[in-house]
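The primary structure of each chain is shown beneath.
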Amino acid sequence: MPASRGLLWAGVAAAAGGAVLCVLGWYGISGERFAERQLPYLASCTVPGAALIVAGAVLVGAAGRLPVRRPTPAAGTPEDTAPPSSDEPPVRVPGGTLAHRPDCPLVAGRADAEPAGDAELGACPVCEPWPR
């Protein structure tokens, strides 16, 4: 999970917990007539609840200021490799249905690769032996 998403959810959870504590503190205070009997509710619910609301707001604000980065593709994925570009005649493997450039990673180094000749073959999607 990205850091900004974690900060966002931590901030929302802290603010929600703080709101619950404030409501509980208000409910406890509202039932007490004397100030000295209201202090425990202030100390145990309302003040910590307000602090959690402020902390949650700070975390949400920090999550909003972090830059959003796109994930980088892993090494070896098609995004970071160019298609083979050999201009030699296409080849195929025995019994294969696709024509490949000789430097295509699917047939490069195979001893059984043979010239495609006049056989009706489909184009390899990796090396694209014929221009479109």
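Residues numbered from 1 in each chain as written. Predicted model: local features only at pLDDT ≥ 70, side-chain atom pairs only at ≥ 80, totals over all residues. Heavy atoms only, no water.

Undergrad: Sorry if this is basic, but what is going on with the overall build of the protein here?
TA: The secondary structure content of the protein amounts to two helices and four strands. Along the protein, helices (α) and strands (β) appear in the sequence α-α-β-β-β-β when read from the amino end. Residue pairs at least 24 apart in sequence account for 50% of intrachain contacts in the protein once pairs closer than 6 positions are excluded. Accessible area for the protein stands at about 9,500 Å²; split by element, carbon and sulfur atoms hold 63% of it. (Helix = DSSP H or I, 4+ residues; strand = E, 2+ residues; numbered from the N terminus. Contact = heavy atoms within 4.5 Å. Areas by Shrake-Rupley, 256 points an atom, 1.4 Å probe, with all protein chains shown as cover.)

Undergrad: Can you walk me through the pattern of salt bridges in this structure?
TA: A pair can form between side chains of opposite charge whenever their charged atoms are brought close. Counted by the stated rule, this structure contains three salt bridges. Of the charged contacts, one joins Glu32 and Arg37 as a salt bridge, the two residues approaching to 3.4 Å between their closest N and O atoms. (Salt bridge = Lys/Arg side-chain N within 4 Å of Asp/Glu carboxyl O.)

Undergrad: Before we go on, may I ask you to explain the environment of Pro94 in this structure?
TA: Mapped onto the fold, Pro94 is located in the loop between strand E1 (91-92) and strand E2 (98-99). Judged by relative accessible area, Pro94 falls into the partly exposed class, the value being 47%. Residues Pro94 and Asp112, 18 residues apart in the sequence, show an inter-C-alpha distance of 7.0 Å. With near-sequence residues (within four places) excluded, Pro94 lies in contact with Asp112 and Glu114. (Buried < 20%, exposed > 50% of the residue type's maximum accessible area, 1.4 Å probe, protein only.)

Undergrad: Explanation requested: helix H2 (residues 35-65) in the structure shown.
TA: Helical geometry: 3.6 residues make up each α-helical turn, so side chains three or four residues apart lie on a common side. Helix length check: H2 (31 residues) gives 42 Å between terminal C-alpha atoms against 45 Å at 1.5 Å per residue, within 8%. A maximum bend of about 50 degrees is found in H2 at Leu42. Listed in full, the buried residues belonging to H2 are Cys45, Gly49, Gly56 and Ala63. (Expected span 1.5 Å × (residues − 1). Bend = angle between axes of the 7 residues up to and from the residue.)

Undergrad: Whenever I open this one, the side chain of Arg101 confuses me. Can you help?
TA: With respect to the helices and strands, Arg101 occurs in the loop between E2 and strand E3 (114-115). On the basis of relative accessibility, which here comes to 15%, the residue Arg101 falls in the buried class. Within the local environment of Arg101, its side chain forms a polar contact with the backbone oxygen of Cys127, the two atoms lying 3.0 Å apart. (Polar contact = N/O pair within 3.5 Å; in protein donor to acceptor, adjacent residues only side chain to side chain.)

Undergrad: Could you clarify how one ought to interpret the nonpolar core in this entry?
TA: One recurring pattern in soluble globular proteins is that nonpolar side chains are buried together. Judged by nonpolar contacts, Val91, Val93, Cys104, Val107, Cys124 and Cys127 together constitute the single largest core of six residues. Among residues more than four places away in sequence, those in contact with Cys124 are Leu98, Ala99, His100, Cys104, Leu106 and Pro129. (Core = buried A, V, L, I, M, F, W, Y, C linked by side-chain atoms within 4.5 Å.)

Undergrad: I keep staring at the environment of Gly122 and nothing clicks. Help me out?
TA: Positionally, Gly122 belongs in strand E4 (residues 122-123). Note: C-alpha distance between Gly122 and Ala99 (23 residues apart in sequence) is 6.0 Å. Residues in contact with Gly122, not counting those within four places in the same chain, are Thr97, Leu98, Ala99 and Trp130.

Undergrad: When you look at a nonpolar patch on the surface in this model, what are you seeing that I'm missing?
TA: A cluster of nonpolar side chains, namely Leu8, Trp9, Val12 and Val60, defines an oily patch on the protein surface of about 350 Å² accessible area. No other element matches helix H1 (residues 3-30), which puts three residues into the nonpolar patch. The residue Leu8 is located in helix H1 in this model. (Patch = residues over 30% accessible without salt bridge, like charges linked within 9 Å, V, L, I, M, F, W, Y side chains within 5 Å.)

Undergrad: For this particular structure, what's the right way to read the side chain of His100?
TA: Checked against the element boundaries, His100 lands in the loop between E2 and E3. The buried category is assigned to His100, whose relative accessible area is 6%. Setting aside chain neighbours within four positions, we find His100 in contact with Pro90, Val91, Leu106, Val107, Cys124, Cys127 and Pro129.

By themselves, these figures tell us nothing about what the structure is for.
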